[in-house]
Amino acid sequence: MAHDEKMTVNADEFKAEVIAGYPSKTGKKRSRQFVVNHVEEPGEKVPEILANSKTVPGILTMRGCCYAGCRGVVLGPTRDIVQIVHGPIGCCFYAWLTRRNQTHPETPTSPNYMTYALSTDLQESEIVFGGEKKLRAAVDEAVAIFHPKAIGIFSTCPVGLIGDDIHAVARDMEEKYPGVNIFAFSCEGYKGVSQSAGHHIANNKLFTDVVGLSDKAKPGKFRFNILGEYNIGGDAFEIERIAEACGLTLHTTFSGNSSYDDFISSQMVDLNVVMCHRSINYLAEMMEKKYGIPWFKINFISAGATAKSFRKIAQFFGDKELIERTEKFIEKEMAEVETVRKEVYKHCKGKTAMLFVGGSRAHHYQDLFREIGVTTLAAGYEFAHRDDYEGSKVLPGIVVDADSRNIEQLTVEKDPKRYHERKTPAEIKKLESEGIEFNNYRGMMPEMIEKSLVIDDINHYETEKLIETYHPDIICAGIKEKYVVQKHGVPFKQLHSYDYMGPFAGFKGAINFYREIDRLMHSRAFKLTQAPWQKSPELTASYAWTK
Ligand code: CFM
């Protein structure tokens, strides 16, 4: 079905129908999380959405937990910090590379602990008598085997419930092993309403215990960090390739393809750019306050966004040679991209997509789809906050909720020795007048079309309703949604781990994505799918025991 036909669905009526399917209290809440988009120009005013709020119990949510956001997301992609999961063994499954974050150690013998999943494997006896002893033993063992520079300890739900003091253990063990930086994260799964709380906890600890321990700068005139890029399917490798070709010095990425030594000296740069705003805006803000490093939002998903982002970075440094080199490289890469894009555009023009991913990809990937003529009819996040949807301008009005109160808000002051202005206020003003927006994220909704649907924390019931009514040509979400969508005969692209593919970032990534979407949208396999409920719509059963 072409895109025009689909827009004949009346979004407001559709919303009313979906909400009517809920008990009234639930419906009331979902109604605030299920928004029909409307952008008022100028000022890009959009409707308010309820986000970062508790999932209604019993709803099949897409969300993960606080521990996942801390251990898995923010710290997980770092190769040489030994990461011990303090909890029952089941929690450790998600520490075992299921996210497909990749890394390249400096040399074949350089440490890479990412292929290990270390856990204290708590048993019933520790739940009763405490697990600190076992945690100390785990640290002893990790030091003896790996001799690491740093160890991170991550607590899961039961640890918080029994009250183990992981921070005291970290302090004691650091005394026992001087030279090893040992820090702990109270990131119990239940700490927040989603992964988002874990991001904040990880940012805080990285800031207090890791960043700034060394003043060793990397050589190069144009030094910057990328915050919020996690090298899923090799995305960071592609971004590194472009940065190097342009003549930039990428000091570190938080945390795709990263190492501890690069983290501890990451304050030695002149610019931070933020890719995934949701997971790491806290660190960007704190580094600016303490060290004076300016930050702005960029996006390396889609060829156009990549070109625009690298142009902005070059413009920030303002060096003529750097700008020319960047332009030349973009021109060369775009020629290759355009050949594939034009071909795929012919096949995909007018098709439609729906994206429900974490806290930034549902926005970023809309650019990629736009480049091949695909319109996003509905999008939403699992755990984003209002500012990710509506833009930073709403930040002053966001009420502190129970979730945010759970997590420490650090008070940050200027570093008396190391704070210095990277640009004078006049220079910043000039860059702003040229289009660089410092400390700002415009959010997803202002870029979405009129009457598109913006849905926070979507569930299976709503997904099925969307499919029945809108018949999208593709849906992008995670592994929990994949098979349900495919059984409906709708092509599906997994946008968390990419399943088996990548990179999708940068120029080469855009080409990979165009081709993959073309293939998926035109595969006949999905049309031939028959879901079990189509063959036998009702479950029938008989007693195993009779008489
Ligand atoms: Fe940021 Fe991410 Fe995302 Fe995220 Fe994630 Fe991820 Fe994601 Mo999965 S950090 S918010 S917590 S871009 S793991 S690399 S894909 S939900 S949209």
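Structure: see above.
Residues numbered from 1 in each chain as written. Predicted model: local features only at pLDDT ≥ 70, side-chain atom pairs only at ≥ 80, totals over all residues. Heavy atoms only, no water.

**Quick notes on the overall build of the chain**
Part 1 of the argument: Along the backbone of the chain there are 23 helices and 14 strands.
Part 2 of the argument: Here the chain has a C-alpha radius of gyration of 24 Å; the compact-globule value for 547 residues is 24 Å, and the two agree.
Part 3 of the argument: When its C-alpha atoms are laid out on the principal axes, the chain stretches across 80 × 65 × 45 Å.
Part 4 of the argument: Counting all 547 residues of the chain, 57% fall into the buried class.
Part 5 of the argument: For the chain, contacts bridging at least 24 residues in sequence account for 76% of all contacts bridging at least 6.
Part 6 of the argument: Counting only carbon and sulfur atoms, one obtains 55% of the accessible surface of the chain, whose full area is about 24,300 Å².
Part 7 of the argument: Here the chain carries 69 positive and 73 negative side-chain charges, and the mean point of each set is 2 Å from the other. (Helix = DSSP H or I, 4+ residues; strand = E, 2+ residues; numbered from the N terminus. Rg over C-alpha atoms; globule rule 2.2 N^0.38 Å. Buried < 20%, exposed > 50% of the residue type's maximum accessible area, 1.4 Å probe, protein only. Contact = heavy atoms within 4.5 Å. Areas by Shrake-Rupley, 256 points an atom, 1.4 Å probe, with all protein chains shown as cover. Lys, Arg positive; Asp, Glu negative; His and termini not counted. Charge placed at Lys NZ, Arg CZ, Asp CG, Glu CD.)

**So, the site of the ligand**
Part 1 of the argument: The local shell around the ligand holds 15 residues, among which Arg99, His199, Cys276, Ser360 and His496 are the closest.
Part 2 of the argument: The class makeup of the residues in the shell around the ligand is 7 nonpolar, 6 polar and 2 charged. (Near = heavy atom within 4 Å. Nonpolar A, V, L, I, M, F, W, Y, C, P; charged D, E, K, R; others polar.)

**Overview of the packing of aromatic side chains**
Part 1 of the argument: Scanning the entire structure with this criterion turns up 20 aromatic pairs.
Part 2 of the argument: With a centroid separation of 5.2 Å and 85° between ring planes, the pair formed by Phe316 and Phe317 is classed as edge-to-face.
Part 3 of the argument: Through pairs of rings, three or more aromatic residues link up here, namely Phe222, Phe296, Phe316, Phe317 and Phe438.
Part 4 of the argument: Lying over the aromatic face of Tyr345, Arg341 brings its terminal NZ or CZ to 5.8 Å of the ring centre. (Phe/Tyr/Trp six-rings, centres within 6.5 Å; stacked < 30°, edge-to-face > 60°. Lys NZ or Arg CZ within 6 Å of the ring centre and 35° of its normal.)

**As for the sheet that holds strand β9 (residues 295–297)**
Part 1 of the argument: Spatially, the 4 strands line up as an open sheet ordered β7-β6-β8-β9, and their pairing is parallel. Two strands in the sheet have a free side with no partner beyond their single neighbour: β7 (249–255) and β9. Mean inter-strand twist for the sheet, computed between neighbouring axes without regard to direction, equals 25°.
Part 2 of the argument: The sheet contact formed by strand β6 (residues 223–229) and β7 spans 5 bridges and is parallel. Residue pairing in the sheet places Arg223 in a bridge with Thr249 of β7.
Part 3 of the argument: Lying on the sheet, helix α10 (residues 235–246) is in contact with β6 and β7; it crosses β6 at an angle near 160°.
Part 4 of the argument: Running at roughly 145° to β6, helix α12 (residues 277–291) makes contact with β6, β7, β8 (271–274) and β9 of the sheet. (Pairing = 2+ DSSP bridges. Axes fitted to C-alpha atoms, helices over the stretch in contact; angles between N-to-C directions.)

**Focus on the sheet that holds strand β12 (residues 453–455)**
Part 1 of the argument: In space, the 6 strands of this open sheet follow the order β1-β12-β11-β10-β13-β14, with mixed pairing throughout. One side of each edge strand has no neighbouring strand; the edge strands of this open sheet are β1 (34–36) and β14 (492–494). In this sheet, adjacent strand axes meet at a mean angle of 20° when their direction is disregarded.
Part 2 of the argument: Looking at chain direction, strand β10 (residues 352–356) and strand β11 (residues 375–380) are connected through 5 bridges and run parallel. Bridge pairing in β11 places Phe356 opposite Gly380.
Part 3 of the argument: The strands that helix α2 (residues 11–20) touches are β1 and β12; relative to β1, the one it contacts most, it runs at about 165°.
Part 4 of the argument: In the packing of helix α20 (residues 479–487) onto the sheet, contacts are made with β13 (474–477) and β14, and the angle to β14 comes to roughly 170°.

**Comments concerning the side chain of Gln267**
Part 1 of the argument: Within the secondary structure, Gln267 sits in the loop between α11 (260–264) and β8.
Part 2 of the argument: A relative accessible area of 2% places Gln267 in the buried class.
Part 3 of the argument: A polar contact of 3.3 Å, which involves the side chain of Gln267, links it to the backbone nitrogen of Gly212. (Polar contact = N/O pair within 3.5 Å; in protein donor to acceptor, adjacent residues only side chain to side chain.)

**Quick word on the environment of Asn112**
Part 1 of the argument: Relative to the elements of secondary structure, Asn112 occurs in the loop between β2 (81–86) and β3 (118–119).
Part 2 of the argument: On the basis of relative accessible area, Asn112 is assigned to the partly exposed category, the value being 25%.
Part 3 of the argument: Spatially, the C-alpha atoms of Asn112 and Asp80 are 5.4 Å apart, while their sequence positions differ by 32 residues.
Part 4 of the argument: For Asn112, the contacting residues outside a window of four places in its chain are Arg79, Thr103 and Pro105.

**Quick notes on unusual backbone geometry**
Part 1 of the argument: For the bond from Phe254 to Ser255, the omega torsion is 0°, close enough to zero to count as cis.
Part 2 of the argument: Here Ser255 shows up in strand β7.
Part 3 of the argument: Across the junction of Gly502 and Pro503, the peptide omega takes the value -5°, indicating a cis bond.
Part 4 of the argument: Although it is not a glycine, Asn257 sits at a positive phi angle of roughly 50°.
Part 5 of the argument: Considering the arrangement of structural elements, one finds Asn257 in the loop between β7 and α11.
Part 6 of the argument: We classify Asn257 as buried; its relative accessible area is 13%.
Part 7 of the argument: A positive phi angle is found at His471, which is not glycine, with a value near 45°.
Part 8 of the argument: Following the sequence through the fold, His471 ends up in the loop between α19 (460–470) and β13.

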